[in-house]
Amino acid sequence: MESKHDPKATEYYKKSSLNMNKPKYVTNMPHQHALILVGCETVYGVHMTQYHHEEHKYQMILELDLPDHVKTRYQEIRKTWPEMPIILCNDINDPLMVPDLGGGTRRNFDANFFVGLFPLDLLKPEEEESMHFFPWSADIMKPVMDEVFEVIVKRVVLFRPFNHQELLPEYANYVIWGEGSEAHMTHWQTAHKTSDKYNAPAYGPDYDHIMSLKYAPDWVNPSLLRAGITVSVPSIRLRVPGKKRKVEIPSTRPFHYNKKFEVLYRGIGQPYEVKAGHTFVFGPQVSTSPAVMPVPDPSDPKNENPELTLFMAPAPKEYWAEQRLTTNVKDETNDG
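Residues numbered from 1 in each chain as written. Predicted model: local features only at pLDDT ≥ 70, side-chain atom pairs only at ≥ 80, totals over all residues. Heavy atoms only, no water.

Examining the overall build of the protein chain
This is how it is decided: Only runs of H or I of at least four residues qualify as helices and only runs of E of at least two qualify as strands under DSSP, and these elements are numbered from the N terminus. We call two residues in contact whenever any of their non-hydrogen atoms come within 4.5 Å of each other.
For the protein chain, the count of helices and strands is 6 helices and 12 strands. Considering only contacts in the protein chain between residues 6 or more positions apart, those separated by 24 or more positions represent 72%.

Some thoughts on the environment of valine 151
Counted only if it meets this: Three exposure classes are used, based on accessible area relative to the maximum for each residue type with a 1.4 Å probe and protein chains only: buried under 20%, partly exposed in between, and exposed over 50%.
Within the secondary structure, valine 151 sits in strand β6 (residues 149-161). What makes valine 151 buried here is its relative accessible area of 0%. Sequence separation between valine 151 and asparagine 112 is 39 residues, and the spatial gap between their C-alpha atoms is 9.0 Å. The residues contacting valine 151, other than those within four sequence positions of it, are Leu64, Asp65, Leu66, Leu88, Arg107, Asn108, Phe109 and Ala111.

Notes on unusual backbone geometry
In this model, glycine 204 is joined to proline 205 through a cis peptide bond whose omega is 5°. Along the chain, proline 205 falls in the loop between β8 (182-187) and β9 (208-213). Positive phi outside glycine occurs at alanine 191, with the angle close to 55°. Inspection of the secondary structure assignment puts alanine 191 in the loop between β8 and β9. Assessed through its relative accessible area of 0%, alanine 191 is described here as buried.

Looking at the nonpolar core
Counted only if it meets this: Buried Ala, Val, Leu, Ile, Met, Phe, Trp, Tyr and Cys residues form a nonpolar core when they are joined through side-chain atoms within 4.5 Å.
Core analysis: the biggest nonpolar cluster contains 59 residues, and Ile36, Leu88, Phe109, Phe113, Trp136, Phe149 and Met312 have the highest contact counts within it. If sequence neighbours within four positions are ignored, phenylalanine 113 has contacts with Val70, Arg73, Tyr74, Ile77, Ile86, Ile87, Leu88, Pro143, Val144, Met145 and Phe149. With 25 residues, the next largest nonpolar core counts Ala172, Ala216, Leu225 and Phe261 among its residues.

Re the sheet that holds strand β2 (residues 43-47)
The condition is simple: At least two bridges found by DSSP between two strands is the condition for calling them paired. Fitted lines through C-alpha atoms serve as axes, helices being fitted only where they are in contact, and the angles separating the N-to-C directions of these axes extend from 0 to 180 degrees.
Spatially, β1-β2-β3-β6-β5-β4 is the arrangement adopted by the 6 strands of the closed barrel, whose pairing is antiparallel. On average, adjacent strands in this sheet sit at an angle of 45° to one another, irrespective of strand direction. Sheet analysis places strand β3 (residues 58-65) next to β6, joined by 8 bridges and oriented antiparallel. Bridged to leucine 62 within β6 is valine 156. Most of the contacts of helix α2 (residues 68-80) go to strand β5 (residues 108-115), to which it runs at about 25°, and overall it touches β1 (34-38), β2, β4 (86-90), β5 and β6.

Right, here's the structure in full:
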């Protein structure tokens, strides 16, 4: 997700591939980034992607070391709201590039974490239109901890820059990883380029999906699970047979809590069974370019929010910034 520009990054931005067809020097602008926290005993951060912003064109999973008091608070919130997305953001005064973490150039950063997503239908008009809108900025959301804290990256589980020539597979691919009794899944995204040379670049549609499993599968070696394995999900078809470019992105989260489903290790062979835990993020709304965003079917009874293509639990009001409780332009609580 985008943040306000850091003045120190201006020169990087001028040289970046966001502004030049052939940059003389390829780099990213240091930014704030959103990592979805998963796991209880072993804590991971999963980077939220955006295909149309150079700074966020990466899938990344990090194993993190949080200060003891922060980890305790995180575990308390996770126990209270099991399906609530908990978002770790590097501090606005500590901007960084995703490759800084993925490549090991940086092993620590200052951060705070947030609970849920501010309701998108209550945003101010200028916020909805801003390309640099950051949902967890201080004027929108209240951080959990009173002060920023240091996060240490223990190891990189996955670091994957997008290649826009990569095409969607016929069936959805996922990464499964974890430690001990805990395991998690995230969708293997493609960010394929859809637009032609006569139109502005557009990427997708594809979707982000970050979830936990109910428990670690007993059919995979613990060392492989810790490193991460790749699987296909035959119940999620992404391309329509016989139609070269026809793409079908699921309009609702495909796995509900406690639901069993089958996966194919490396996309081949006989299926294995896993059981779904909680989903924290699902949908194309954040990742996919607006020009190719799928239009949800409001008549679909399975659609949990027919006006949005995003499943991400809203933030409890206790975690809204103070001014949002009293001055929000669209605050439905002021309707009388």
